[in-house]
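Next come the chains, spelled out residue by residue.
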Amino acid sequence: MKFPHAGQWREHFAGVDLPVPVFGGGTVTGINFDNAASTPPLKRVRDLVNGFSDVYSSVHRGTGYKSRLSTEAYEDARELVARFLGVDDKHQVVIFVKGTTDALNRIAAEQARLDGRQVLVTEMEHHADLLPWRHRSGHVMVGLSDDGEIDVDAIEHELKRGGGSIGLVALCGASNVTGFVSPIHAVAELAHRHGARISVDAAQLAPHHRIDVRPADDPGHLDFVSMSGHKMYAPYGAGVLVAPRDFFAGAPEVMGGGAISIVTWDDTVWADLPDREEAGSPNVIGAVAMGAAIETMLELGFDDMLAYEVHLGRRMHAELAAIPGVSVLGRIEPMTPGARLALSSFVVDGLHHGLVAAALSHEWGIAVRHGCFCANPYVFHLLHMSKDEVVAVEGEVTAGRRKALPGAVRASLAPYNTEAELKRFLEAVTQVARGRIKSTYEQAADGTYAPAGGWPRIPSPLRAVVKH
Ligand SMILES: Cc1ncc(COP(=O)(O)O)c(C=O)c1O
């Protein structure tokens, strides 16, 4: 498959050719395969943020030129997000928040207060899409297929069994551990048929897959969508919550300035949406950055980028799995062909995940992530751990022995990554899996590894500032 623009996309991303220090002295051009954690900004977004800083001012109530300009840019960003997701403006509202965690916690708080019914979650969820439900309304957790894919029949079974006691289904759009893309519209249809709404954690889905919220009268429409700017090339602290307009009632979860129409000595009249859900001074720059990132991705050719990612991902999954001693978590080709992001988590026989990640960084200049990726139950499932084994690990960790926590190594790609980088990564994993690790490493109490004698010193850009 040919991607004529692939080589041109890279130059649009900031910091992707940074020299990084490696074992033995010297530097190599770093390879960032940790995009699922956070992404670099698009250069246009970075430049726009810098330029916009000159005209930035508080939004909404200011009459000054800069306030009016900032308000316009802030609302344009909202419009861009709405169009990007196909939001049904009449029935839904786009609210700017801090990120996916913030968005999900807000839904959970309101869901518990206004509805009170249980929330159905899957074993696949990130802790941000698990703990808020568990500790607010309470949840029913649905299992997965052996290979860690969404089991739609099991979801239907639980919804039926609940007999109307489930008010919300919370599902990730794509997993941050395996990259499996969830059948969100099929699950939405089931949820609606059983009197529940659906919340999609789109932290991983939004930057790597088309999302269409669909009109409210479509049985497969999405009620809530949550996403984070820093995972979609706009790391400036803003995120988005899309929610049904009729979800909010009474006093908002977060109260303060901007959320009201009038406050008297003993009465409060709340403002209309979205203002009533955006109390306090919003992150205007972050929101504008998100809007700019969306616009830029669309202009660069979002669909081509996604197809390229899938192509790179397929190669990564298959070639990683073919390396002796390496096992990729989850089936290489999911039940729905192609429904997998360019994201692989893997384990190497006989080597701690932290050691593999440290060696990839220190000896090859390749950034990956390791551990349980804030999705403990899913990783336990994928590692086929028994309940007793998990209880034993829980005991160890609770006693402060975090080294006992199992895990994997994750590589996650973005459109600026190249075939050459993938080749180098596969070579690096092959060498590490063969035991060809050149440096010596020490494990810390928290389970992580570092080169004996410490990492090569990289001065933080703030250090000079802090010293003054
Ligand atoms: C699937 C998923 N959900 C939620 C989150 C939380 O996102 P944030 O840290 O931006 O709030 C993440 C972050 O890694 C994620 O991968």
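Residues numbered from 1 in each chain as written. Predicted model: local features only at pLDDT ≥ 70, side-chain atom pairs only at ≥ 80, totals over all residues. Heavy atoms only, no water.

Overview of the sheet that holds strand E8 (residues 197-201)
Two modes of strand pairing occur in sheets, parallel and antiparallel, and in both the strands are linked by backbone hydrogen bonds.
1) Next: Across the sheet, seven strands lie side by side as E4-E10-E9-E8-E7-E5-E6; this open sheet has mixed pairing. Sheet topology places strand E4 (92-97) and strand E6 (139-142) at the edges, where each strand pairs with a single neighbour. Each adjacent strand pair in this sheet contributes to an overall mean axis angle of 20°, direction not counted.
2) Next: Of the strand pairs in this sheet, strand E5 (residues 118-122) and strand E7 (residues 166-172) are connected by four bridges, and their pairing is parallel. Among the inter-strand pairings, Val119 is bridged to a residue of E7, identified as Leu168.
3) Next: Contacts between helix H7 (residues 184-193) and the sheet are confined to E7 and E8, with E8 contributing the most and set at about 155° to the helix. (Pairing = 2+ DSSP bridges. Helix = DSSP H or I, 4+ residues; strand = E, 2+ residues; numbered from the N terminus. Axes fitted to C-alpha atoms, helices over the stretch in contact; angles between N-to-C directions. Contact = heavy atoms within 4.5 Å.)

Some words on the packing of helix H6 (residues 152-162) against H7
1) Next: Closest axis-to-axis distance for the H6/H7 pair is 10 Å, and the angle between their directions is 10°. Of the possible angle classes, the one that applies to H6 and H7 is roughly parallel. Residues Val152, Ile155, Glu156 and Leu159 of H6 pack against Val187, Leu190, Ala191 and Arg193 of H7.
2) Next: Considering only residue class, the contact of H6 with H7 consists of six nonpolar, no polar and two charged. (Parallel < 35°, antiparallel > 145°, perpendicular 65-115°, else oblique. Nonpolar A, V, L, I, M, F, W, Y, C, P; charged D, E, K, R; others polar.)

Let's talk about the site of the ligand
1) Next: The environment of the ligand is formed by Thr100, Thr101, His126, Ala128, Asn176, Asp201, Ala203, Gln204, Ser228, His230 and Lys231.
2) Next: Separating an oxygen atom of the ligand from a side-chain N or O atom of Ser228 is a distance of 2.6 Å.
3) Next: Contact with the protein chains removes 85% of the 390 Å² of surface that the ligand exposes when unbound.
4) Next: Here the shell around the ligand is built from residues that sort into two nonpolar, seven polar and two charged. (Near = heavy atom within 4 Å. Polar contact = N/O pair within 3.5 Å; in protein donor to acceptor, adjacent residues only side chain to side chain. Areas by Shrake-Rupley, 256 points an atom, 1.4 Å probe, with all protein chains shown as cover.)

Topic: the domain arrangement of the chain
1) Next: Per the domain assignment, the segments of the chain are domain 1 (6-32 + 302-372 + 407-451) and domain 2 (46-298).
2) Next: Inter-centroid distance (C-alpha atoms) of domain 1 to domain 2 is 30 Å.
3) Next: Domain 1 puts 22 residues into the contact, and the matching count from domain 2 is 23 residues.
4) Next: Per-residue buried area on domain 1 facing domain 2 is highest for Phe302, Met335 and Leu341; these three make up 35% of the total on that side.
5) Next: Applying the counting rule to domain 1 against domain 2 returns two salt bridges.
6) Next: Applying the counting criterion to the domain 1 and domain 2 interface returns nine residue pairs in polar contact (both at pLDDT 80 or more).
7) Next: Of all elements in the fold, only helix H10 (302-321) and strand E14 (343-348) reach the threshold of two or more residues within the side of domain 1 that touches domain 2.
8) Next: Looking at the side of domain 1 that touches domain 2 element by element, the count peaks at four residues for H10.
9) Next: Classifying every residue of the side of domain 1 that touches domain 2 by side-chain character gives 13 nonpolar, four polar and five charged. (Domains from an automatic or database assignment. Buried area = accessible area lost by both parts, 1.4 Å probe. Salt bridge = Lys/Arg side-chain N within 4 Å of Asp/Glu carboxyl O.)

As for the pairing of strand E11 (residues 260-263)
1) Next: In the sheet, E11 pairs with strand E12 (residues 268-270) via three bridges, with the strands oriented antiparallel. Residue pairing across strands places Ile262 opposite Val269, the latter belonging to E12.
2) Next: In this antiparallel pair of consecutive strands, E11 and E12, the connection spans four residues.

Comments concerning the pattern of salt bridges
1) Next: In this structure the tally under the stated criterion is 27 salt bridges.
2) Next: Residue Asp102 pairs with Arg106 through a salt bridge whose shortest N-O separation is 3.6 Å. Within this pair, Asp102 and its partner Arg106 are both found in helix H4 (residues 100-114), separated by four residues, close to a single helical turn. Accessibility assignment for this pair places Asp102 and Arg106 in one class, buried. (Buried < 20%, exposed > 50% of the residue type's maximum accessible area, 1.4 Å probe, protein only.)

Some thoughts on the environment of Leu18
1) Next: Tracing the backbone through its elements, the reader meets Leu18 in the loop between helix H1 (6-9) and strand E1 (19-21).
2) Next: Sequence-wise, Leu18 and Glu189 are 171 residues apart; in three dimensions their C-alpha atoms are separated by 46 Å.
3) Next: Residues contacting Leu18, with those up to four places away along its chain left out, are Val28, Thr29 and Gly30.

Structural notes on the sheet that holds E14
1) Next: One open sheet holds the four strands; their spatial order is E13-E14-E17-E16, and the pairing between them is antiparallel. With partners counted over all chains shown, the strands left at the sheet margins are strand E13 (326-328) and strand E16 (369-371), one partner each. Along the sheet, successive strands turn relative to each other by an average axial angle of 30°, direction set aside.
2) Next: In the packing of H10 onto the sheet, contacts are made with E13, E14 and strand E17 (408-412), and the angle to E14 comes to roughly 10°.
3) Next: Together, E13, E14 and E17 form the strand contacts of helix H14 (residues 419-433), whose direction differs from that of E14 by roughly 15°.

With respect to the nonpolar core
1) Next: Leu85, Met227, Leu320, Phe346, Leu360 and Phe425 are the most contacted members of the largest nonpolar core, which has 121 residues in total.
2) Next: In terms of residue count, the dominant contributor to this core is helix H9 (residues 284-300) (ten residues).
3) Next: Domain assignment of the residues forming this core places at least three in each of domain 1 (6-32 + 302-372 + 407-451) and domain 2 (46-298).
4) Next: Beyond its immediate sequence surroundings of up to four residues, Phe425 is in contact with Phe33, Met316, Leu320, Phe346, Leu360, Ile366, Val368 and Ala411.
5) Next: Among the nonpolar cores identified, the runner-up in size contains 20 residues, and Val97, Ala170, Phe224 and Leu273 belong to it. (Core = buried A, V, L, I, M, F, W, Y, C linked by side-chain atoms within 4.5 Å.)

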